[in-house]
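Per-entry structural report
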Amino acid sequence: MTPDAPAPAPAAPDLPRLHSGKVRELYDAGEGRLVMVASDRVSAFDVIMAEPIPDKGRVLTAMTCFWCEEMADVVPGTLLAADPAAIAEALGGRALPADWAGRAVLVRRAEMLQLECIVRGYLAGQAWEEYDRAGTVHGTRMPAGLQLASKLEKPIFTPSTKATEGHDLNIDFAAAVDLVGREAAETARDICLELYRRAAARTAAAGFVLADTKFELGWVDGQLCLCDEVCTPDSSRLWPADGVVPGTTPAAFDKQPLRDWLAAQTWDRTPPPPPLPREVVEAMSARYIAAYERVAGRALADWYGATA
Ligand SMILES: Nc1ncnc2c1ncn2[C@@H]1O[C@H](COP(=O)(O)OP(=O)(O)O)[C@@H](O)[C@H]1O
Ligand SMILES: [Mg+2]
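Here goes a summary of the coordinates provided.

Calculation notes
Per chain, residues are indexed from 1 in the order of the written sequence. Chain letters and ligand numbers both follow the written order, the letters beginning at A and the numbers at 1. The predicted nature of this model means local features are confined to residues of pLDDT at least 70 and side-chain atom pairs, given and counted, to a pLDDT of 80 or more, with totals for whole chains, interfaces and linings taken over all residues. Where side-chain values are given, they derive from all heavy atoms of the structure, hydrogens and water being excluded. Two aromatic rings, drawn from Phe, Tyr or Trp (for Trp, its six-membered ring), form a pair once their centres lie within 6.5 Å of each other, and the interplanar angle then sorts them: stacked below 30 degrees, edge-to-face above 60, tilted otherwise. Here a strand is any run of E in DSSP of at least two residues, a helix any run of H or I of at least four, and the numbering for each starts at the N terminus. Three labels apply to residues, based on accessible area from a 1.4 Å probe with only protein chains included: buried if under 20% of the type maximum, exposed if over 50%, partly exposed otherwise in between. In this analysis, two residues are considered to be in contact whenever any of their non-hydrogen atoms come within 4.5 Å of each other. Expected helix span is computed as 1.5 Å times (number of residues minus one). Should a side-chain nitrogen of Lys or Arg be within 4 Å of a carboxyl oxygen of Asp or Glu, the pair is scored as a salt bridge. An axis is simply a line fitted to the C-alpha atoms; with a helix, the fit covers only the stretch in contact. Between two such axes, the angle follows the N-to-C directions and lies from 0 to 180 degrees. Each angle is binned into one of four classes, with values under 35 degrees roughly parallel, values over 145 roughly antiparallel, values of 65 to 115 roughly perpendicular, and all other values oblique. By convention the crossing between two helices is left-handed if the near helix lies anticlockwise of the far one by an angle smaller than a right angle, and right-handed if it lies clockwise. By the convention adopted, Pro, Cys, Tyr, Trp, Phe, Met, Ile, Leu, Val and Ala count as nonpolar, Lys, Arg, Asp and Glu as charged, and the other residues, Gly among them, as polar. Nearness is judged by heavy atoms alone; a residue qualifies as near a molecule or strand once a single heavy atom is within 4 Å of it. Pairs of N or O atoms within 3.5 Å make up the polar contacts considered here, provided that, within protein, one atom can donate a hydrogen while the other can accept it, and that residues adjacent in sequence are counted only when both atoms are side-chain atoms. Only strands joined by at least two bridges in the DSSP assignment are considered to pair.

Next up on the list: the packing of aromatic side chains. A full pass over the atoms with the stated rule returns eight aromatic pairs. Ring centres of tyrosine 27 and tryptophan 100 lie 5.1 Å apart, and the angle between their planes is 35°; this geometry places the pair in the tilted category. On the criterion of sequence distance, the pair formed by tyrosine 27 in strand E2 (residues 24-30) and tryptophan 100 in the loop between helix H2 (84-90) and strand E7 (104-108) is long-range, its members being 73 residues apart. Here tyrosine 27 matches tryptophan 100 in class, with each residue buried. Ring geometry for tryptophan 128 and tyrosine 131: centres 6.1 Å apart, planes at 35°, overall tilted.

Considering the arrangement of structural elements, one finds proline 233 in the loop between strand E14 (223-227) and strand E15 (236-240). For proline 233, a relative accessible area of 4% gives the class buried. Along the primary structure proline 233 and arginine 287 are separated by 54 residues, whereas in three dimensions their C-alpha atoms are 9.7 Å apart. Excluding anything up to four places from it in sequence, proline 233 contacts Leu60, Met63, Asp254, Tyr288 and Ala291.

An α-helical segment advances 3.6 residues per turn. Residues three or four places apart therefore align on the same side. For helix H5 (residues 182-205), spanning 24 residues, the distance from its first C-alpha to its last is 35 Å, which sits close to the expected 34 Å at 1.5 Å a residue. Taken together, the buried positions of H5 are occupied by Ala184, Ala185, Ala188, Ile191, Cys192, Leu193, Leu195, Tyr196, Ala199, Ala200 and Thr203. Just downstream of H5 lies glycine 207, where phi reads positive at about 90°.

All right, on to the pattern of salt bridges then. Scanning the model with the defined rule gives 22 salt bridges in all. Among the ionic pairs, glutamate 25 bridges to arginine 17, the shortest N-O distance being 3.3 Å. Connected through shared salt-bridge partners, Asp73, Glu194, Arg197 and Arg198 make up one network.

Where helix H1 (residues 56-70) contacts H5, the two axes come as close as 11 Å, and the packing angle between them is 120°. Here H1 is positioned oblique relative to H5, judged by the angle of their axes. By crossing handedness, the relation of H1 to H5 is classed as right-handed. Within the contact between the two elements, H1 uses Phe66, Trp67 and Glu70 and H5 uses Arg198, Ala199, Arg202 and Thr203. Taken together, the residues that form the contact of H1 with H5 break down as three nonpolar, one polar and three charged.

All right, on to the site of ligand 1 then. Taken together, 18 residues lie around ligand 1, and Lys22, Arg24, Arg108, Ala110 and Glu216 are the ones closest in. In this structure, lysine 22 approaches ligand 1 through a main-chain N or O atom, which is 3.0 Å from an oxygen atom. Contact distances for ligand 1 include 3.3 Å between an oxygen atom and a backbone N or O atom of valine 23. Elements with a contribution of two residues or more to the shell around ligand 1: E2, strand E3 (33-38) and E7.

Looking now at the pairing of strand E13 (residues 208-220). Moving residue by residue along a regular strand, the side chains alternate between the two faces of the sheet. In terms of burial, E13 is largely enclosed, as eleven of its 13 residues are buried. Direction of pairing for strand E8 (residues 111-112) relative to E13: antiparallel, over a ladder of two bridges. When the sheet's bridge partners are listed, methionine 112 is paired in E13 with glycine 218. With four bridges connecting them, strand E9 (residues 117-122) and E13 associate as antiparallel partners. Each bridged residue has a counterpart across the sheet, and for isoleucine 118 the counterpart in E13 is lysine 214. Two strands pair when backbone bridges link them, and E13 and E14 are joined in this way by five bridges, in the antiparallel orientation. Residue glycine 218 lies in a different strand from E14, and its bridge partner there is cysteine 225. Taken together, E13 and the strand that follows it, E14, pair antiparallel across an intervening segment of two residues, in which aspartate 221 is found at a positive phi of about 50°.

Structure, rendered in structure tokens:
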């Protein structure tokens, strides 16, 4: 975490904090369980903005719970409870901080597979840069003639390492096998390709392109389970379908108002970030909420603790 990042959420009474990520706080709930709390923090160019985006953490949590339900027949999830009353009860009746409602989930603690399980249906970001430079994506040769934002012939599993420091490293499938073993790598690939196919079909019906997304899998009782966040705007590239023109950078549905505004500032992309005007914060909040409501077909107002 950078020294300029906003202070993390306060620790729950007597739950030890295990990890403070860019967006989530992780607490040890005992008995092989964790409490994961999604904040409203938002980052751009790897710098965390000073202003929270109202309801963003709730959107991430609601969306993840939605996808875990949708995908339960493909892969088991780790969710035990999202209802704040049920979490409090499972923790022996502890009072939870009020603003945890809708952001916190109680999950089974998994032994994380040491791979970031990225699936790409379109060429973008680092994958595009590598292709443009070398004709490969994560070290694997790709057909000639692809452009930025081209749809791939079929979705591809492009894992990366989980770096504890610095940036994750894009690797090819053989390197993933070396890291986690053939059986785990093949199982992870097959699960994630199926998850992507489902998520892409559902987001397409809502008018979006799910260009790529990152899953995290982990072992619980000898079985690979779906962990962390699932197909959220933070873990995916979500483009408005009518704005995808191969050869150009599509607008990111969620962060475009922030990126456009930042691009117009003189800021060197190192902390501290410039203070965001209220319109930008509100536009972002509305985008996150709309992404959830359009994709899940549910109102955020029906989710625990929603303020909007
Ligand atoms: N069920 C789980 N068991 C163990 N670890 C998990 C589980 N779900 C998520 N995690 C881990 O919790 C952390 C979530 O915090 P996050 O803010 O996303 O961190 P980061 O900035 O490292 O992405 C990640 O390190 C993720 O791998
Ligand atoms: Mg994360």
